[in-house]
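Descriptive structure summary
Listed below, chain by chain, are the residues.
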Amino acid sequence: MERFDGSFTQQEPIPEAGIAAALAVLRHGRLHRYNTAPGELAETALLEEEFAAFTGARYCLAVASGGYAMGCALRALQVRPGEPVLTNAFTLAPVPGAIASVGARPVFIETTWNLTIDLDHLERMARETGARLLMLSHMRGHLADMEALMALCNRLGVTVIEDCAHTMGAAWNGVASGRFGAIGCYSMQTYKHINAGEGGFLITDDAELAARAVLLSGSYMLYARHRAAPPAEVFDRIRLDVPNVSGRMDNLRAAILRPQIALLDDRRARWNRLYRVLEEGLAATPGLRLTERPAAETYVASSFQFLLPDFGANRMRAFVTGCAARGVELKWFGAPEPVAFTSRYEHWRYADPQPLPQTDRVLAGLVDMRLPLTFTPEDAALIARIIRAEVLRVGQAEVPAKVADENAGAAAIPLAD
Ligand SMILES: *Cc1c(COP(=O)(O)O)cnc(C)c1O
């Protein structure tokens, strides 16, 4: 019986250029972004300029985390306590968490079989709640039809914030993810597409939103040291009205990140190669459903999802346990209790309870797998063979009454994604 013995959580090292730049920052000691020698440009300011150029956005702010970027975006849009904010039911905890952090109320929207937001339900809930904001999560890198979504939101008067934690380097019809909404948010946490341990970006073309975000992030009136930011006049109008909610990026992490932006295109190609090997290996597996990737979507496959829509809970447990025993770490989003990052909407009890039958059907059979770039195409082929064999085995077996250890297969799971 084949076994896989690679690690699903091992990232690639930081590029040598990033290590050298980080050492230089450590040696001069000016880690705070506004602590610059005369004439010096801070690593953080340069990083923002470079990421703005990468996405084509006018303005970019680097912050402490992706979650901070989303909360900052909501604050910049002046969300009010108790205000409803539409968001995907299928997403990760920092998304409803960012909404809750500003005292607003997450309103969850149903999930399609392709793991994107359901536009009909979005329209219905926008009308029902009168919400003026959508926190759109491109969860696991699956992009909705962005032209249709933006047309709908424009018609409804809904402003869109994009959560691009899994779509840095992705695009829809050639337009970078993060460039459709009023604000795009990104994460540079270790399991995302560029790695500084922690970090986030906020991009926008709107000068006032950009100025608000800079002031919110804790600029101590030193905003003139930003480069991918609007001119001083824009700040002058609002600088005394916007509170400081510190969440800055520092020069050490910026130094680590700068050389990684240029690697994004190559990383996308390598990720997608692994993805295609898995897709090929799993195609035509009875009972297994792959997500469709529309031609308009340029995706970055840093993870892989598939569905076993008719398995039911006991078979799902047996399947995840069987794969884990052969070294393949999978996450099941349908488990009754959250395991590591697989919590789902009904576990977020700070939000109002909401019936979401379509999302329930999708999550009940949804399997998720990390795809680190330390895997080779041969690894991906082996993993696909193991998954396929386990789907066939568990699919043919009598339905087990209950698997002994409900969380088996989730034991060695990392804490965050
Ligand atoms: C990781 C992640 C974020 C933000 O993450 P941080 O850990 O706060 O940087 C936001 N949305 C999704 C879907 C994520 O996976």
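Reference entry: report on the structure contained in this document. (Residues numbered from 1 in each chain as written. Predicted model: local features only at pLDDT ≥ 70, side-chain atom pairs only at ≥ 80, totals over all residues. Heavy atoms only, no water.)

**Thoughts on the overall build of the chain**
Under the convention used in this document: Helix numbers and strand numbers start at the N terminus; a helix is a DSSP run of H or I with at least 4 residues, a strand a run of E with at least 2. Computation of the radius of gyration draws on C-alpha atoms, with the globule rule given as 2.2 Å multiplied by the number of residues to the power 0.38. Using a 1.4 Å probe on the protein chains alone, a residue whose accessible area is under 20% of its type maximum counts as buried, one over 50% counts as exposed, and one in between counts as partly exposed. Here the open area of atoms and residues is found with the Shrake-Rupley method and a 1.4 Å probe, where only the protein chains shown may cover a residue. Two residue types count as positive, namely Lys and Arg, and two as negative, namely Asp and Glu; His and chain ends fall outside the count. Throughout, a charge is located at the NZ atom of Lys, the CZ atom of Arg, the CG atom of Asp or the CD atom of Glu.
Assigned secondary structure in the chain consists of 13 helices and 14 strands. Its C-alpha atoms give the chain a radius of gyration of 22 Å, near enough to 22 Å, the size a compact globule of 417 residues would have. Dimensions of the chain, computed from the C-alpha atoms along their principal axes, are close to 70 × 50 × 35 Å. A buried classification covers 57% of the 417 residues belonging to the chain. Of the roughly 16500 Å² of accessible surface on the chain, 52% is carried by carbon and sulfur atoms. Between the averaged position of the 42 positive side-chain charges in the chain and that of its 47 negative side-chain charges there is a distance of 3 Å.

**Digging into the nonpolar core**
Put simply, the rule reads: By nonpolar core is meant a set of buried Ala, Val, Leu, Ile, Met, Phe, Trp, Tyr and Cys residues that side-chain atoms within 4.5 Å join together. Each domain's extent is set by a domain assignment, obtained either automatically or from a database. Should any heavy atoms of two residues lie within 4.5 Å, those residues are counted as being in contact.
Ranked by internal contacts, the top residues of the largest apolar core, which has 60 residues, are Phe319 and Ile387. Split by domain, the residues of this core number at least three in each of domain 1 (16-261) and domain 2 (264-411). Discounting chain neighbours no more than four positions away, the residues touching isoleucine 387 are Leu282, Leu288, Phe306, Phe319, Cys323, Val328, Leu330 and Met369. One finds Leu61, Val79, Leu209 and Ile238 within the second-largest nonpolar core, a separate group that totals 35 residues.

**Comments concerning helix α2 (residues 43-55)**
Keep this limit in mind: Helices are assigned an expected span. That span is 1.5 Å times one less than the residue count.
Look at α2: 18 Å from first C-alpha to last across 13 residues, which is about the 18 Å you get at 1.5 Å a residue. Those residues of α2 that sit buried are Glu43, Thr44, Ala45, Leu46, Leu47, Glu48, Phe51, Ala52 and Thr55. Summarising the contacts, the buried residues of α2 are in contact with α1 (16-28), β1 (59-63), β7 (175-176), β8 (183-187), β9 (200-204) and α9 (251-261). Just downstream of α2 lies glycine 56, where phi reads positive at about 85°.

**So, the sheet that holds strand β4 (residues 133-137)**
Our working definition: Pairing between two strands requires that DSSP report at least two bridges joining them. In this analysis, axes come from line fits to C-alpha atoms, helices being fitted only over the stretch in contact, and the angle between any two N-to-C directions falls in the range 0 to 180 degrees.
Reading across from one edge, β1-β9-β8-β5-β4-β2-β3 is the order of the seven strands in this open sheet, with mixed pairing throughout. The open sheet terminates on both sides in strands that have one partner only, identified here as β1 and β3 (105-109). On average, each strand axis in the sheet is tilted by 20° relative to the strand beside it, whichever way the strands run. As paired strands, β4 and strand β5 (residues 159-163) are joined by five bridges and run parallel to one another. Counterpart to methionine 135 in the pairing with β5 is isoleucine 161. Helix-sheet contacts for helix α4 (residues 94-101) involve β2 (84-88), β3, β4 and β5, and the interaxial angle to β3 is about 145°.

**A short note on the packing of aromatic side chains**
What describes a pair of aromatic rings is the distance from one ring centre to the other and the angle between the planes of the rings. Let me state the cut-off plainly: Only centres within 6.5 Å qualify two rings of Phe, Tyr or Trp (six-membered ring in Trp) as a pair; their planes then separate them into stacked at under 30 degrees, edge-to-face at over 60, and tilted for everything else.
Per the stated rule, a full pass over the model turns up 15 aromatic pairs. Seen from their ring centres, phenylalanine 4 and phenylalanine 8 are 5.6 Å apart, and the 80° between their planes marks the pair as edge-to-face. Overall, phenylalanine 4 belongs to the buried group, its relative accessible area being 3%. The exposure class of phenylalanine 8 is buried, given its relative accessible area of 2%. For the pair phenylalanine 51 and phenylalanine 201, a centre-to-centre distance of 4.1 Å together with 10° between the ring planes defines the contact as stacked. Taken as a pair, phenylalanine 51 in helix α2 and phenylalanine 201 in strand β9 lie far apart in primary sequence, 150 residues in all.

**Points about the packing of helix α11 (residues 312-325) against helix α13 (residues 377-396)**
What counts is decided by this rule: Working rule for handedness: look at the near helix, and if it is turned counterclockwise from the far one by less than a right angle, call the crossing left-handed; if clockwise, right-handed. All amino acids are sorted into three groups, where Ala, Val, Leu, Ile, Met, Phe, Trp, Tyr, Cys and Pro are nonpolar, Asp, Glu, Lys and Arg are charged, and the leftover types, Gly among them, are polar.
Relative to each other, α11 and α13 sit at 140°, their axes nearing to 9 Å. In the packing of α11 onto α13, the handedness of the crossing is right-handed. Packed against α11, whose contacting residues are Arg315, Ala318, Phe319, Gly322 and Cys323, the element α13 presents Ile387, Glu390, Val391, Arg393, Val394 and Gly395 at the interface. Residue composition of the contact of α11 with α13, grouped by class: six nonpolar, two polar and three charged.

**Re the environment of alanine 22**
Mapped onto the fold, alanine 22 is located in helix α1. C-alpha of alanine 22 to C-alpha of leucine 392: the two residues are 370 residues apart in sequence and 49 Å apart in space. The residues contacting alanine 22, other than those within four sequence positions of it, are Leu252, Ala255 and Ile256.

**As for unusual backbone geometry**
Phi angles above zero are rare outside glycine, and arginine 140 is one such case at about 55°. Structurally, arginine 140 can be placed in the loop between β4 and α6 (146-156). One non-glycine residue, methionine 221, adopts positive backbone phi at about 65°. With respect to the element layout, methionine 221 can be found in the loop between α7 (207-218) and α8 (232-238).

**Some words on the packing of α2 against α9**
Test applied: Comment on the angle field: the value is read as roughly parallel under 35 degrees, roughly antiparallel over 145, roughly perpendicular from 65 to 115, and oblique elsewhere.
Contact geometry for α2 and α9: axes closest at 8 Å, N-to-C directions at 30°. Judged by the inter-axis angle, α2 sits roughly parallel to α9. Regarding α2 and α9, the two cross each other, and that crossing is left-handed. Residues Glu43, Thr44, Leu46, Leu47, Glu50, Phe51 and Phe54 of α2 pack against Asn251, Ala254, Ala255, Leu257, Arg258 and Ile261 of α9. Looking at the contact of α2 with α9, its residues break down into eight nonpolar, two polar and three charged.

**Here's the deal with the sheet that holds strand β11 (residues 297-298)**
In spatial order, the strands read β7-β6-β11; together these three strands make up an open sheet with antiparallel pairing. A strand with exactly one partner marks an edge of an open sheet, and here the two such strands are β7 and β11. For strand β6 (residues 171-172) and β7, the ladder comprises two bridges, and the chain directions are antiparallel. The residue bridging alanine 171 from the neighbouring strand is alanine 176, located in β7.

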